[in-house]
Amino acid sequence: RAKPRLDGEIEIEGQRARVAAVTEPFSMFGTGYSIRRHRDNPWTLPLFINNKTINPVYAGLMSFAITQGRTFLTAGPRGSGKTSMLGALILEILPKYRIITVEDTAELPVEAYKDYGYDIVPFKVRSALLEEGFEMPFDKGLRTTLRLGDSALILGEIRSTEAKVLYEAMRVGAMSNTVAGTIHADDPYGVYDRVVNDLGVPKGSFKVTDLIIIQNQIKTATGLSRKRRVLKVAEVDNDWEDKPTFTELLVYNAEEDRLEPTEALLNGESHMLQEIQERSGEHKSHDDVLADIRLRGWAKKSLVDLVDGNKDLLEAEIVQKANTALTLLHEKHNPLRDEESLEAFKKAYLNRIKEIVSKHS
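A quick note: this is a predicted structure, and the numbers were derived from the prediction, not measured.

1. Looking at the overall build of the protein
Looking only at helices and strands, the protein has 13 helices and 12 strands in total. A compact globule built from 361 residues would reach a C-alpha radius of gyration of about 21 Å, and the protein, at 21 Å, matches this within 12%. Per-residue burial over the protein gives 49% buried out of 361 residues. When contacts within the protein are restricted to residue pairs at least 6 apart in sequence, those whose partners lie at least 24 apart make up 58%. Surface summary for the protein: the accessible area is close to 17,800 Å², and the carbon and sulfur share equals 48%. Taken together, the 49 basic and 55 acidic charged side chains of the protein have centroids lying 3 Å from each other.

2. Here's the deal with the pattern of salt bridges
Scanning all chains against the criterion turns up 18 salt bridges. Of the charged contacts, one joins Arg-70 and Asp-210 as a salt bridge, the two residues approaching to 3.7 Å between their closest N and O atoms. With Arg-70 in the loop between helix 2 (56–67) and strand 4 (72–75) and Asp-210 in the loop between helix 8 (203–206) and strand 9 (211–219), this pair connects stretches of sequence that are 140 residues apart. The residues Arg-70 and Asp-210 share a single accessibility class, namely buried. Residue Glu-92 pairs with Lys-300 through a salt bridge whose shortest N-O separation is 3.1 Å. Note that Glu-92 is positioned in the loop between helix 3 (82–90) and strand 5 (99–103) and Lys-300 in helix 11 (residues 286–307), a separation of 208 residues in sequence. For the residue pair Glu-92 and Lys-300, the accessibility class agrees, reading buried in each case. Each of Arg-70, Asp-210, Glu-275 and Arg-279 takes part in one network of salt bridges that share partners.

3. A closer look at the sheet that holds strand 8 (residues 179–183)
Ordered in space as 6-5-7-8-4-9-10-11-12, the 9 strands form an open sheet in which the pairing is mixed. Every other strand in the sheet has two partners, leaving strand 6 (120–124) and strand 12 (258–261) as the edge strands with one partner each. Looking at each pair of strands side by side, their axes are set apart by 20° on average, direction ignored. In this sheet, strand 7 (residues 152–155) lies alongside strand 5 in parallel orientation, the contact comprising 4 bridges. The residue of strand 7 that forms the bridge with Ile-100 is Leu-153.

4. Quick word on the pairing of strand 9
As paired elements, strand 4 and strand 9 share 4 bridges and run parallel to each other. Within strand 9, the residue paired with Thr-74 across the bridge is Ile-213. Summarising the sheet, strand 9 and strand 10 (residues 226–236) pair through 9 bridges and their orientation is antiparallel. Among the inter-strand pairings, Gln-215 is bridged to a residue of strand 10, identified as Val-230. Hairpin connection from strand 9 to strand 10: 6 residues lie between these consecutive antiparallel strands, with Gly-223 at a positive phi of about 80°.

5. Re the nonpolar core
Counting residues in each nonpolar core, the largest one holds 65 residues, and the members touching the most others are Ile-54, Tyr-58, Phe-72 and Leu-89. With near-sequence residues (within four places) excluded, Leu-89 lies in contact with Leu-45, Tyr-58, Met-62, Ile-66, Phe-72 and Ile-213. With 26 residues, the next largest nonpolar core counts Leu-73, Leu-166, Ile-183 and Val-195 among its residues.

6. Some points on the packing of helix 12 (residues 316–333) against helix 13 (residues 339–360)
Two elements in contact, helix 12 and helix 13, have axes whose closest approach is 10 Å; the angle formed by their N-to-C orientations is 155°. As judged from the angle between their axes, helix 12 and helix 13 are roughly antiparallel. The interaxial crossing formed by helix 12 with helix 13 has right-handed handedness. Mapping the contact onto sequence places Glu-317, Ile-318, Lys-321, Ala-322, Ala-325, Leu-326, Leu-329, His-330 and His-333 in helix 12 and Ser-341, Ala-344, Phe-345, Ala-348, Tyr-349, Arg-352, Ile-353, Ile-356, Val-357 and His-360 in helix 13. Its residues assigned to classes, the contact of helix 12 with helix 13 comprises 12 nonpolar, 4 polar and 3 charged.

7. Re helix 7 (residues 188–198)
Residues of helix 7 that are buried include every one of Pro-188, Val-191, Tyr-192, Val-195 and Val-196, and no others. Taken around the axis of helix 7, the buried residues stretch over an arc of 100°, which confines them to a single face. Capping the start of helix 7 is the job of one residue whose side-chain oxygen sits 3.1 Å from the backbone nitrogen of Tyr-189: Asp-187. Within two residues after helix 7, Gly-200 carries a phi angle of roughly 80°, on the positive side.

Cut-off values and rules
Residues numbered from 1 in each chain as written. Predicted model: local features only at pLDDT ≥ 70, side-chain atom pairs only at ≥ 80, totals over all residues. Heavy atoms only, no water. Helix = DSSP H or I, 4+ residues; strand = E, 2+ residues; numbered from the N terminus. Rg over C-alpha atoms; globule rule 2.2 N^0.38 Å. Buried < 20%, exposed > 50% of the residue type's maximum accessible area, 1.4 Å probe, protein only. Contact = heavy atoms within 4.5 Å. Areas by Shrake-Rupley, 256 points an atom, 1.4 Å probe, with all protein chains shown as cover. Lys, Arg positive; Asp, Glu negative; His and termini not counted. Charge placed at Lys NZ, Arg CZ, Asp CG, Glu CD. Salt bridge = Lys/Arg side-chain N within 4 Å of Asp/Glu carboxyl O. Pairing = 2+ DSSP bridges. Axes fitted to C-alpha atoms, helices over the stretch in contact; angles between N-to-C directions. Core = buried A, V, L, I, M, F, W, Y, C linked by side-chain atoms within 4.5 Å. Parallel < 35°, antiparallel > 145°, perpendicular 65-115°, else oblique. Left-handed = near helix turned anticlockwise from the far one by under 90°. Nonpolar A, V, L, I, M, F, W, Y, C, P; charged D, E, K, R; others polar. Arc of directions from axis to C-beta. Polar contact = N/O pair within 3.5 Å; in protein donor to acceptor, adjacent residues only side chain to side chain.

Here you go:
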């Protein structure tokens, strides 16, 4: 009766689920609970392309940004698919890098990533709903992970004081690879309000967020059916003082039911992409950056087209191998150099993913 609530996870015969429960005296009519079944394998970007949650241009942009070690937050209300998207984007991190996950309730399928060859180190911290317990508090747990050196950092959900630690780490460059997490918000300004006004992160620190992904459920007029969609990808600008500004790179077109690139993305107005271009020896111009993004999107769509609706062949094991092939063949053929190199790359990539798929068919 002193603690009439529960927030945790259960595992039965290898199947995992998140459970929340309440009882008297908090719940006036006795016990109430919800069980959210976790997917055994991570979602993948090709799976999301197949069900129209995203499209190839989104897949290409995020693959490119993650390859360059950029930071991002996936935002949306409950049930919008934030954690599923985060899990899919983890597969875009090269297996050569160590990945550290920090969660209060284990939702990411860590064992699956390990089976696919990832060096992943999961940390379990105390739930923000609990005032005390045996687990390490989230903020202290996060500080501990920062001492583990060069790693990609994935936070299951940003809810409390750990936000300050996270942004401190990003601002001083404590993590030299991708830093990502999920947060409850409906739009980029909502993310800013949550991070700065609710969680106390300094305004200047918020600028180290590169991208914000907004997801939500879209319901039919009757409300009887729904579909999950990424509605927007926005970049956090770095030239504001008091009120944040954002540059939208992808925006959802409801009539066409798809994400569309904005003029800002097409015309080179993204300071993140400009910065990547300036530091890269391979991307000579913004056209090269766009070409790389489109090529990565083409690679994801090619796998979707190849399997012709067989979703089992879009699972993480195959996608991880396809992503590795993309990286190695990109390095070998340098497809941005000229048209001949591009065609050689595409031919080699298609042959490789056919081999991968045939072994799993």
